[in-house]
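Commentary on secondary and tertiary structure
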Amino acid sequence: MRSYFNGRRRRRQAELEALAGTLGRTRSPLGDAVWRLRHSRPALLALAVLGLMVLACVFGPWLTPWQLDSTDALLSNSAPSARHWLGTDFLGRDILTRLLVAGRISLSVGFVSVLLSVLLGYTAGALAGYLGGIVDALIMRFADLLMTIPSLPLLIIMGAVLSELKVDPDYRIYMVMLMLSLLSWTSLARIVRGQILSLRERDFMLATEVLGLSTRRRLFRHLLPNTVPLLIVAATMGVAGAILNESYLSYLGLGVVPPTPSWGNMMDTANSFVDFQRRPWLWMPPGLAIFCTVIAINVLGDCLRDAIDPKR
Amino acid sequence: MGGIRFARRRLLLAAMVWGLGTMAAAQAAEEGSLRASDPSRLPAAARARHDVVVSAISEPQGIFNPYLFHNGWDENVTQVIFANLVGLDRQGRPVPQLAESWQVSRDNLVYTFKLRPNLKFSDGSPLTASDVEFTLTLLHDPKYDGETDISLANIKGGADYKAGRAGTISGIKVLDPRTIRITTTEAGAVTLPLIGGPVLSRAYYGKNYTPGHLDGVRTQSARPLGAGPYVYDKYIPGQEVRFHANPYYYAGKPPVPFFIYRITSDATKLQLFQTGEVDNDRFSINKDNIEQLKSLGFANIDIYNSSDYSLVEFNLKKPYLKDVRVRQALIYGLDRQKLVDVVYQGYGSVATEAVAPGSWAYDPSGVNPYAYNPARARTLLDQAGWKVGADGIRVKDGQRLTLTLLATRKLLTDALIPIAKESYKAIGVELRPEVSDFNALLAKRKAGHYDLATFSTSLINDPNEGVHDFLTSQSVNGYHNPQVDRLTVEANATLDLKRRKQLYHQLYQVLAGDPPVIYLAYRKVLSASSARISGFTPDIYNGIITSLPHLKIVK
Amino acid sequence: MRQFILRRVLLMFPTLLGASAVIFFIFALTPGDFVDGSISLSPERALELKALYGLDHPAWQRYLHWLWQLAHGDLGFSLQYQIPVTELLDRYVWNSFLLASVVLVLYWGLSLLIGVTAAVRPHSWYDRLVTLLVFAAMSFPVFFLCLLLIKWFAVDLAWLPVGGMIATGSESRGWAHVLEVAAHMVLPVLTLVMLQAGSLTRYFRASMLEALALDCVRTARAKGLKERTVVFKHALRNGLLPVITLLGFELPGLFSGAIVTEKLFNWPGAGHIHIDTLAARDYPVLMGFTLFLAVLTILGNLLADIAYALADPRIRIR
């Protein structure tokens with residue numbers, strides 16, 4: 001335990017030297033952040049992984065020789081081979097092709113829904129925390145109300161309405177995710193509000209007040225950047241959650257309508273113990289795909305945080 | 001070179017799988033049982049139980065009254081506790097239980113039951129014709145909200161009693177403590193199972209009951225009393241239901257002193273069986289599970305026909321589905337054999353009529369099997385005036401042949417939707433699946449917002465249950481065929497099994513010509529029991545209930 | 001402070017009333033009702049039953065009726081279980097509570113420990129390993145973890161039971177009973193802790209990283225205090241603050257039950273009530289249970305706000 005902390009102390013020394021080095025440079029804070037991001041190897045690697053996955057999912061399905069939905073009862077559950085690189089599922093469909101097509105949906109669902117709920121939650125939380133008073137009370141009581149609404153029945157109604165309106169099943173999932181975002185921003189809002197409440201009273205914020213900085217400058221240059229770390233955690237957790245949530249939704253007929261694949265529902269169909277033990281090719285590929293996505297986003301988020309952190 | 005060899009081996013394997021599928025279809029009516037290969041591998045947990053048999057159940061809700069439950073698992077519990085007047089044999093034919101015998105008048109309207117001598121409830125109190133009268137009267141209570149619809153039995157004076165116009169039901173007459181006569185106004189095959197059901201004790205349930213107030217009886221659902229093989233001890237919600245042997249059971253006290261229903265779930269029932277926590281359970285039927293059970297060594301495996309089947313219903317209120325050629329084309333054009341092969345892996349078969357193999361009424365001869373034939377499907381659609389459009393989908397009078405399919409999420413539909421989409425595309429029909437939960441599916445179906453709807457029937461005890469919905473007066477999907485109406489009513493009003501079988505056979509042929517639904521698949525049931533117990537002979541009509549009095553623990 | 005709490009408690013009532021109205025009408029709009037779900041009913045019998053259950057009345061009448069009952073302290077009668085809703089909840093909720101409270105203590109403790117130690121040495125191998133494990137646990141559905149644990153510890157090693165809360169047919173009393181339940185709890189607790197510790201660990205780590213960079217922490221270090229004192233006395237207090245809000249969210253979770261985990265381990269908790277009653281459209285239970293959780297949700301948020309103010313005297317409560 002002791003050497004652990006000693007190591008920390010040594011690192012502080014190194015930080016001080018680095019700080020001294022950067023003092024000499026003159027760059028705008030934003031340019032500084034971009035510069036740091038571009039020179040961070042993990043960030044570039046994460047970007048590359050994400051980019052590669054997006055490219056593969058967008059163009060990959062056109063390159064595979066297999067039709068997305070063509071079934072083959074004779075080849076059901078066959079192991080990876082030269083013909084089917086990742087094997088086939090219980091209907092004899094090519095897993096690789098499905099994995100790539102599924103990526104289109106899962107990735108967009110993950111990003112879109114998280115983007116929306118983070119945007120909403122962050123704005124609401126920041127407003128409530130910073131402005132306080134009646135705005136705070138209104139936003140937070142409204143959030144309380146939203147948090148008590150059970151999402152499952154609401155989603156079932158929504159499924160019924162969407163099918164009544166004859167919305168194309170392939171687009172329904174986005175509407176459903178939209179709905180979920182509209183319900184789920186509340187927790188992030190509370191977290192952000194809490195932190196802003198506490199930041200607002202800290203010395204450095206008092207200093208900005210004394211210095212007479214404009215509200216905009218205080219908010220965007222000093223207050224909000226300090227809440228970014230929590231924001232990044234919430235966002236990365238959200239992406240994984242949304243991708244997996246989609247499979248749960250399709251149980252209720254609210255997610256992707258089969259036979260359209262998604263990473264969540266691909267894993268879901270392999271939920272028997274025997275599949276789990278003997279046929280890893282059914283669930284490993286989508287699981288790893290989600291894993292890579294989440295890790296990449298997280299690494300990117302961490303680097304982003306380091307890059308824009310005003311204190312570093 | 002290696003590649004070629006590889007390919008050939010796969011072809012061989014494929015041929016084997018295919019063979020299995022067709023073989024199983026040919027033997028669909030046969031049942032099978034595999035004895036344990038190595039009972040010595042019994043897990044210690046099971047070996048340690050000396051006086052108790054543990055069977056499995058999914059989700060009982062604690063309403064242990066045979067007329068008040070809302071859930072099939074509660075029914076299974078009540079079957080252990082209560083005994084019927086009339087039971088069913090392995091083919092679904094009525095057999096005597098508490099009733100020693102019964103007679104039906106020549107006009108099929110009057111039933112006279114003779115009870116066995118000295119019948120007793122599990123508390124030792126006598127079971128007489130008066131208890132049967134009490135049971136049937138209770139079912140006519142205006143506040144009765146259970147699953148049993150006694151009005152289908154058409155007991156004379158029943159409707160008057162229910163409406164409050166009479167103090168008693170004139171059609172129910174206790175002749176002596178062992179004899180009761182029931183007079184009905186309409187002959188029907190469903191009458192006997194309805195009036196010959198489980199018997200409630202007047203002394204026990206009657207003491208808390210006044211007509212119009214069922215709450216007293218309802219509270220007794222947690223403390224049931226019957227005349228079945230075992231007596232209820234305790235229900236631990238979410239865990240298990242415990243019973244002990246009934247010393248007053250009419251066929252003698254069961255040899256195993258205790259019985260437990262342990263609650264299990266699909267995901268882990270195999271593991272519970274493997275570790276010896278349960279002695280008997282049912283599993284989803286597929287090769288994986290059968291292999292796994294065989295490899296345990298201590299499992300006696302029973303495979304038998306289920307009495308339910310899956311189907312796709314046409315909405316005949318849509319003008320384009322009124323055309324019989326379109327409906328026929330949709331059956332010819334669906335590769336149902338593929339579906340059966342993928343889902344049941346040789347332990348199911350393509351369904352052709354409204355009754356499953358294993359029932360006395362099953363007879364597929366002369367009923368059009370609609371073997372997969374896309375060419376025939378295309379011809380039929382052409383004849384009906386649906387011409388292939390620019391994008392490959394058929395068009396008639398400017399309308400595209402796009403059909404919505406309502407479905408719930410389960411293994412069968414996971415396979416059905418891709419297969420149907422693929423095979424219908426090949427005949428120029430576009431399929432739009434709509435997945436929802438079951439309750440929402442039924443609501444949409446009732447509102448008529450669909451073309452096709454797929455679901456499975458509940459377990460079917462009498463063939464009438466399979467065709468009852470096709471009656472013009474009952475049908476939700478707008479099916480109307482006078483010949484079907486006539487045959488259905490006649491077959492139900494006939495009590496002679498031989499004659500009934502003929503009528504149903506005729507009916508199935510008519511239905512095949514003017515199909516109201518696409519029959520998808522019959523399935524089998526996989527049940528396994530521990531080699532430490534002998535006497536399990538499950539079948540679909542009785543489950544393990546008829547085995548209970550005969551179970552023995554093998555030393 | 002006192003006035004603040006009083007005002008918020010009073011505000012709870014209109015919020016709950018609004019919530020109950022919204023919830024009720026959402027349920028009323030859901031396609032299908034309790035009677036529709038039964039496929040074998042004849043149309044006449046279905047109408048009879050709807051009248052018996054009062055489902056033939058318009059939704060607003062049913063809501064007022066329900067509200068009136070509630071005002072008399074009656075949550076109503078479950079349609080499918082045929083017992084009072086309170087009795088039904090009482091039957092299952094405490095089992096969920098037992099499981100969830102043990103899990104809560106364990107995973108908050110674990111996350112705190114891991115998150116803080118990871119934050120002290122950011123980007124170290126230890127930190128990276130933790131990050132990787134956290135995200136691996138998040139990338140696979142719950143049932144994989146459950147099945148894996150059952151396979152290892154219950155089937156292959158036979159150390160622990162596969163599922164349930166007690167051994168089949170067990171009549172144990174006293175300590176033997178406690179031990180038996182404890183043995184059955186190990187696997188579900190392990191599963192839930194592994195699943196939930198992940199995101200909390202990330203929150204703690206992020207929050208702690210920020211705290212370690214604070215001026216007061218720098219000052220403490222500059223004073224030459226021991227690193228351990230700096231981390232656990234000065235930084236931790238600040239690092240805990242934002243996470244307190246999360247603790248408020250846990251209150252309803254203690255009673256709501258974990259749907260998948262409870263099912264896979266046959267734990268007789270309340271998780272299945274969500275699914276069962278929604279599938280059967282058992283309105284009284286749905287309403288009762290949701291309202292119960294709504295009260296806990298609002299209460300949890302209130303408690304979090306109070307705890308927040310207590311932990312950080314700088315925050316002014318208005």
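Residues numbered from 1 in each chain as written. Chains lettered and ligands numbered in written order. Predicted model: local features only at pLDDT ≥ 70, side-chain atom pairs only at ≥ 80, totals over all residues.

**Some thoughts on the overall build of chain C**
Just so we agree on the cut-off: Numbering goes from the N terminus for both helices and strands, where a helix is a DSSP run of H or I of at least four residues and a strand is a run of E of at least two. Labels follow a simple rule on C-beta atoms placed from the backbone: if 20 or more others lie within 10 Å of a residue's own, it is buried; if 12 or fewer, it is exposed; otherwise it is partly exposed. Our contact criterion uses C-beta atoms placed from the backbone: two residues qualify when those atoms are within 7 Å.
If you tally the helices and strands in chain C, you get 12 helices and zero strands. In terms of overall dimensions, chain C has a C-alpha envelope of 85 × 60 × 40 Å along the principal axes. Counting every position in chain C, which comprises 318 residues, the buried fraction comes to 45%. In chain C, of all internal contacts separated by at least 6 residues, the share reaching a separation of at least 24 is 71%.

**Here's the deal with the sheet that holds strand β5 (residues 99-104) of chain B**
Residue and element names in this part refer to chain B. Using the following cut-off: DSSP calls a pair of strands paired once it identifies at least 2 bridges connecting them. Axes here mean lines fitted to C-alpha atoms, for a helix over just the part in contact, with angles spanning 0 to 180 degrees between N-to-C directions.
With antiparallel pairing, four strands are arranged side by side in an open sheet as β5-β6-β8-β7. Strand pairing shows two members of the sheet lacking a second neighbour, β5 and β7 (172-176), which therefore form its edges. Each adjacent strand pair in this sheet contributes to an overall mean axis angle of 20°, direction not counted. Relative to strand β6 (residues 110-115), β5 runs antiparallel, the two being bridged by five bridges. Opposite Trp102, over in β6, you have Phe113 as the bridge partner. Sheet contacts for helix α4 (residues 129-139): β6, β7 and β8 (179-183); angle to β7, the most-contacted strand, approximately 175°.

**Some points on the sheet that holds strand β15 (residues 387-388) of chain B**
Residues and elements named next belong to chain B. Spatial strand order, β15-β16-β17: three strands in an open sheet with antiparallel pairing. Edge strands, defined here as strands with exactly one partner in the open sheet, are β15 and β17 (399-400). Here strand β16 (residues 394-396) runs beside β17; their pairing, made up of two bridges, is antiparallel. Paired with Val395 across the strands is Arg400, a residue of β17.

**Thoughts on the interface of chain B and chain A**
We apply this condition: Three classes are used, and their members are as follows: Ala, Val, Leu, Ile, Met, Phe, Trp, Tyr, Cys and Pro are nonpolar, Asp, Glu, Lys and Arg are charged, and the others, Gly among them, are polar.
Contacts between chain B and chain A engage 24 residues on the former and 23 residues on the latter. Counting residues per element, the side of chain B that touches chain A draws most heavily on helix α15 (residues 411-426) of chain B, which supplies seven residues. For the side of chain B that touches chain A, the per-class residue count stands at 12 nonpolar, two polar and 10 charged.

**Side note on the confidence of the model for chain C**
Residues and elements named next belong to chain C. Going by this rule: pLDDT expresses how confident the predictor is about each individual residue, on a scale running from 0 to 100.
Per-residue pLDDT for chain C has a mean of 84; in total, 98% of the residues score no lower than 70. Averaged pLDDT values over the elements of chain C bottom out at 75 in helix α8 (residues 215-222) and peak at 90 in helix α4 (residues 85-120). Both scores are available for the predicted complex, with the pTM at 0.84 and the ipTM at 0.83.

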